[in-house]
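Read off the chains here:
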Amino acid sequence: MKVHNIKNTQFGDDRWFTLSTVPDHVYFEIGQAIKDIKQNPSAHKKANYNLAGHIDDEYELNKIPLTEKFVMEEIMALEKDKNYGTSSVALLNRFFPKNEQVTTPSFTMDSSYWVNFQQKHEFNPKHVHSGLYSWVIWYKIPYTKQDEVDKGPGEVSYPRHNVNGEFVFSTTDTMMPNMFVDTVVSVERDLEKKLIIFPSHTAHSVYPFYSTNDERISIAGNVYISFLNDFKNKLT
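Residues numbered from 1 in each chain as written. Predicted model: local features only at pLDDT ≥ 70, side-chain atom pairs only at ≥ 80, totals over all residues. Heavy atoms only, no water.

**Structural notes on the overall build of the chain**
Then comes step 1: The helix and strand inventory of the chain stands at 5 helices and 12 strands.
Then comes step 2: Burial analysis of the chain (236 residues in total) assigns 50% to the buried set.
Then comes step 3: When contacts within the chain are restricted to residue pairs at least 6 apart in sequence, those whose partners lie at least 24 apart make up 78%.
Then comes step 4: Summed over all atoms, the accessible surface of the chain reaches about 12300 Å², with 53% contributed by carbon and sulfur. (Helix = DSSP H or I, 4+ residues; strand = E, 2+ residues; numbered from the N terminus. Buried < 20%, exposed > 50% of the residue type's maximum accessible area, 1.4 Å probe, protein only. Contact = heavy atoms within 4.5 Å. Areas by Shrake-Rupley, 256 points an atom, 1.4 Å probe, with all protein chains shown as cover.)

**Some details on the sheet that holds strand β11 (residues 203-206)**
Then comes step 1: The strand order across the open sheet built from 4 strands is β6-β11-β8-β9, with neighbouring strands paired in antiparallel fashion. Edge positions in the open sheet fall to β6 (124-127) and β9 (180-185), since each of these has one partner strand only. Strand-to-strand twist of the sheet, defined as the mean angle between neighbouring strand axes without regard to direction, takes the value 20 degrees. (Pairing = 2+ DSSP bridges. Axes fitted to C-alpha atoms, helices over the stretch in contact; angles between N-to-C directions.)

**Some details on helix α3 (residues 84-95)**
Then comes step 1: Helix length check: α3, at 12 residues, gives a terminal C-alpha distance of 17 Å against a target of 16 Å (1.5 Å per residue), a fit within 8%.
Then comes step 2: Among all positions in α3, only Tyr-84, Gly-85, Ser-88, Val-89 and Asn-93 are buried.
Then comes step 3: At its buried positions, α3 is contacted by β2 (15-21), α2 (65-82), β4 (107-109), β7 (133-140), β10 (194-199) and β12 (216-225). (Expected span 1.5 Å × (residues − 1).)

**Some thoughts on the packing of aromatic side chains**
Then comes step 1: Summed over all chains, the structure comprises 13 aromatic pairs.
Then comes step 2: Taken together, the aromatic side chains of Phe-17, Trp-138, Phe-167, Phe-169 and Phe-198 make up a single cluster linked through ring pairs.
Then comes step 3: Seen from the ring of Phe-117, Lys-38 lies directly overhead, with NZ or CZ sitting 4.8 Å from the centre.
Then comes step 4: Directly above the ring of Tyr-27 sits Lys-193, whose terminal nitrogen or CZ lies 5.7 Å from the centroid. (Phe/Tyr/Trp six-rings, centres within 6.5 Å; stacked < 30°, edge-to-face > 60°. Lys NZ or Arg CZ within 6 Å of the ring centre and 35° of its normal.)

**Remarks on the confidence of the model for the chain**
Then comes step 1: In the predicted model, the chain carries a mean pLDDT of 85, and 85% of its residues have values of at least 70.
Then comes step 2: Throughout residues 1-5 the model reports pLDDT below 50, and contacts reaching past four residues in sequence, or to other chains, amount to 14 contacts.
Then comes step 3: In this model residues 228-236 is a low-confidence stretch, pLDDT under 50, and it forms 20 contacts with partners more than four residues away in sequence or in other chains. (pLDDT = per-residue confidence, 0-100.)

**Observations regarding the nonpolar core**
Then comes step 1: Formed by 33 residues in total, the largest nonpolar core has its most connected members in Val-115, Tyr-133 and Trp-135.
Then comes step 2: Of all elements in the fold, only α1 (24-39), α2, α3, β4, β5 (114-118), β7, β10 and β12 reach the threshold of two or more residues within this core.
Then comes step 3: Core analysis: the next-biggest nonpolar cluster, separate from the first, contains 20 residues, Leu-51, Val-136, Val-187 and Ile-196 among them. (Core = buried A, V, L, I, M, F, W, Y, C linked by side-chain atoms within 4.5 Å.)

**Regarding the packing of α1 against α2**
Then comes step 1: Relative orientation of the contacting elements α1 and α2 amounts to 135 degrees, with a least axis distance of 8 Å. Relative to α2, α1 is oriented oblique. In the packing of α1 onto α2, the handedness of the crossing is left-handed. Along its contact with α1, which presents His-25, Val-26, Glu-29 and Ile-30, the element α2 presents Pro-65, Leu-66, Thr-67 and Phe-70. (Parallel < 35°, antiparallel > 145°, perpendicular 65-115°, else oblique. Left-handed = near helix turned anticlockwise from the far one by under 90°.)

**Examining the side chain of Ser-205**
Then comes step 1: Within the element layout of this structure, Ser-205 appears in strand β11.
Then comes step 2: In contact with Ser-205, not counting residues within four places along its chain, are Asn-124, Pro-125, Lys-126, Glu-166, Phe-167 and Val-168.

**A look at the environment of Gly-221**
Then comes step 1: Residue position: Gly-221 is located in strand β12.
Then comes step 2: In sequence terms Gly-221 and Trp-135 are 86 residues apart; their C-alpha atoms lie 5.6 Å from each other.

**Describing the pairing of β5**
Then comes step 1: For β5, the tally of buried residues reaches 5 of 5 residues, placing the bulk of the element in the interior.
Then comes step 2: Alternating positions in β5 separate into two faces, Trp-114, Asn-116 and Gln-118 on one and Val-115 and Phe-117 on the other, with burial throughout.
Then comes step 3: Of the strand pairs in this sheet, strand β3 (residues 57-60) and β5 are connected by 4 bridges, and their pairing is antiparallel. Counterpart to Glu-60 in the pairing with β5 is Trp-114.
Then comes step 4: Taken together, the 5 bridges between β5 and β12 define a ladder with antiparallel strand orientation. Bridge pairing in β12 places Trp-114 opposite Ala-220.

**Re α2**
Then comes step 1: Spanning 18 residues, α2 covers 25 Å between terminal C-alpha atoms, matching the ideal 26 Å at 1.5 Å per step.
Then comes step 2: Positive phi shows up at Asn-83, right after α2, with a value of about 55 degrees.

Printed below as a string of structure tokens:
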């Protein structure tokens, strides 16, 4: 298994994200799926009904097996480091002590992953996902951070405070639980062809961009513990 992880960032006891580079063959497969939707959008199911985004063009993706395999490999490598699924299973075992105990979780990709064609001024408000692990691949980002600082609204003399076009995690401060702490992932052209993985319960938002009329394209999905296999005795 080849792991493409390039960055692992911790920003809380159970809050983190990891960034990986998408291999060329996976990026090509994603591009073909996107091309198919662009050429014949009426043949594809809109995903807006199930998503938080204030984005007009969101579509469910058909199976893209190379992409799914890559994401699952990255998640399994991450699981070895974080033991996130294992600790979740241990917690579930505490709630079902009389049933068969499961110590090693298995994982399954949600069949409904999706693609966002985000236009200028569109955004995703703060939200969380279902599942255990969530992931996003940025296929196309048509701007740089400096573009957004120069052409977008906001204070331009402090670009580190300008969140135009950014992907932002929001958590509570452990010392002051009434305060939010934002962790910014600077989404600009350099993040094209990158995969981000994070815990599904982590609140996050996507800010609008302003500097171009071109679209930003990303795909996303969730990975679950396979409850029907691992916890079938617990759920009956």
